[in-house]
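Residues per chain are reported as follows:
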Amino acid sequence: MKKIAIIGASGATGFELLKLALKEHIDPQQLLLIASEKSIGKTLYCDGHTFELQPISSIHDNHLEVIFLAAGSSVSKFVKAHYKDISALVIDLASTFRQEIDTPLIIPEINGDDVDLKKHRWICSPNCVTTLTLLVLAPLFKINAPKKVLLSTYQAASGAGYKAMEELKNETNAFLKDEKYHHIAFNDPYAFNLFTHNSPFVTDDDTDEEMKIRLESKKILKNEDLKISSTCVRVPTLRAHAISAYVEFSEPMTKDVIYETLANAPGIKQFEDFGRNLFATPQMAACKDEVYYGRIRKDSLDDQGFWFWIVGDQLLKGASLNAWQIYKHLRRHETFHSYAGSTGS
Ligand SMILES: NC(=O)c1ccc[n+]([C@@H]2O[C@H](COP(=O)([O-])OP(=O)(O)OC[C@H]3O[C@@H](n4cnc5c(N)ncnc54)[C@H](OP(=O)(O)O)[C@@H]3O)[C@@H](O)[C@H]2O)c1
């Protein structure tokens, strides 16, 4: 029996992948769950099943159909270095290889058909903000190209992994008890606070997160000239990111056309109640597959400018769910079984 490996199964994203696999009735025996050295032999509990965490070396001893890489860039680099010995299809959630020319960067609803299984065996899943934002905006860009896109993000703790979630909870508890707290995950205090994105600066102006959104959006939309900028901010929510998006279209646009187009787009759901001033929140979007949009309004200064409010669970559609959908999408191809799990390239 060919197995499904999840590297990073004890982490925030990997554990969601495990839950998705079980929800889809994958035989637990078919799952190979891998974590770092310190967790080897520990037990992971999920939906009534128990699993023993395995070392990364076990990917060589098993017949694998697919490997999900959810353990960060250094682990993805390690697997890539040894990839010639592995025959499985790889779906990589880390950012290291997303810009490689021959490596597809996939959101199935937008560019799922960019994968050619004859030559692509290593597929990347994009940055979480990129996925959530494009899922809503890409259908509109098909009918009216964007002149400019400006994003402000409100990103949850879980975007930085399970340790950051723990830090937010512990620091909030300490704050409420007026106790001192030594924060580790971020440079700034997190409880009842917010700060610009914690990723390092890669230019004088942009953090790595802001640069990823720009480069990955261009690659996914196949639009090198796309003008997209963002200011990314970490806020003290546990799960699900929110994005305020401003889009200036190249041609005149109407709200009716926007609503009509988005109503037919996959993976997204309108949520807005102007009368009661209710729009999607991270708490509402947490643990949901759909990405919510709403508060669509014409800019008061520019006739071709529109504002959008987008909220989605970045551990699901922003990461694990997108990766799982890539796997399901490719598995439907007739050629899948000839390549996944066959001799490596
Ligand atoms: N969090 C998100 O919203 C999000 C969104 C998009 C993409 N991603 C990507 O998904 C990946 C995982 O992120 P995360 O937020 O889920 O991180 P996380 O919660 O910190 O989990 C990291 C996982 O990787 C494992 N790991 C660390 N070093 C390892 C090693 N040397 N060998 C094997 N396993 C190792 C950890 O095992 P231990 O439990 O033993 O430490 C843990 O299971 C990253 O590449 C990230 O960029 C995350």
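An account of the accompanying structure is given in this report. (Residues numbered from 1 in each chain as written. Predicted model: local features only at pLDDT ≥ 70, side-chain atom pairs only at ≥ 80, totals over all residues. Heavy atoms only, no water.)

1. Details of the side chain of Arg-98
Next, step 1: Considering the arrangement of structural elements, one finds Arg-98 in the loop between β6 (89-92) and α3 (108-111).
Next, step 2: Side-chain polar atoms of Arg-98 contact the backbone oxygen of Ser-125, separated by 3.0 Å.
Next, step 3: Excluding anything up to four places from it in sequence, Arg-98 contacts Leu-93, Thr-103, Leu-105, Cys-124, Ser-125, Pro-126, Asn-127, Lys-212, Glu-216 and Lys-219. (Helix = DSSP H or I, 4+ residues; strand = E, 2+ residues; numbered from the N terminus. Polar contact = N/O pair within 3.5 Å; in protein donor to acceptor, adjacent residues only side chain to side chain. Contact = heavy atoms within 4.5 Å.)

2. Examining the environment of Thr-50
Next, step 1: Considering the arrangement of structural elements, one finds Thr-50 in strand β4 (residues 49-52).
Next, step 2: On the basis of relative accessible area, Thr-50 is assigned to the exposed category, the value being 53%.
Next, step 3: When the C-alpha positions of Thr-50 and Pro-28 are compared, they lie 8.8 Å apart, and in sequence the two are 22 residues distant.
Next, step 4: Beyond its immediate stretch of four places on either side in the chain, Thr-50 contacts Thr-43, Leu-44 and Tyr-45. (Buried < 20%, exposed > 50% of the residue type's maximum accessible area, 1.4 Å probe, protein only.)

3. Focus: unusual backbone geometry
Next, step 1: One non-glycine residue, Phe-192, lies in the positive phi region at around 55°.
Next, step 2: Looking at the secondary structure, you find Phe-192 in the loop between α5 (162-176) and β9 (195-196).
Next, step 3: The exposure class of Phe-192 is exposed, given its relative accessible area of 56%.
Next, step 4: The phi dihedral of Arg-295 falls on the positive side, at around 45°, and the residue is not glycine.

4. Some words on the pattern of salt bridges
If charged atoms from side chains of opposite charge come close, those side chains can pair.
Next, step 1: Under the defined criterion, the tally for this structure stands at 15 salt bridges.
Next, step 2: One salt bridge in this structure joins Glu-216 and Arg-98, with 2.9 Å as the shortest N-O distance. You can see Glu-216 sitting in helix α6 (residues 208-221) and its partner Arg-98 sitting in the loop between β6 and α3, a full 118 residues away along the chain. The same class applies to Glu-216 as to Arg-98, namely buried.
Next, step 3: Two residues, Lys-169 and Glu-166, come together in a salt bridge whose shortest N-O distance is 3.6 Å. Residue Lys-169 and its partner Glu-166 are located together in helix α5, separated by three residues, close to a single helical turn.
Next, step 4: Accessibility expressed as a relative area gives 39% for Lys-169, which makes it partly exposed.
Next, step 5: A relative accessible area of 39% means that Glu-166 is categorised as partly exposed.
Next, step 6: One continuous salt-bridge network, built from bridges that share partners, spans Glu-16, Lys-19, Arg-239 and Asp-313. (Salt bridge = Lys/Arg side-chain N within 4 Å of Asp/Glu carboxyl O.)

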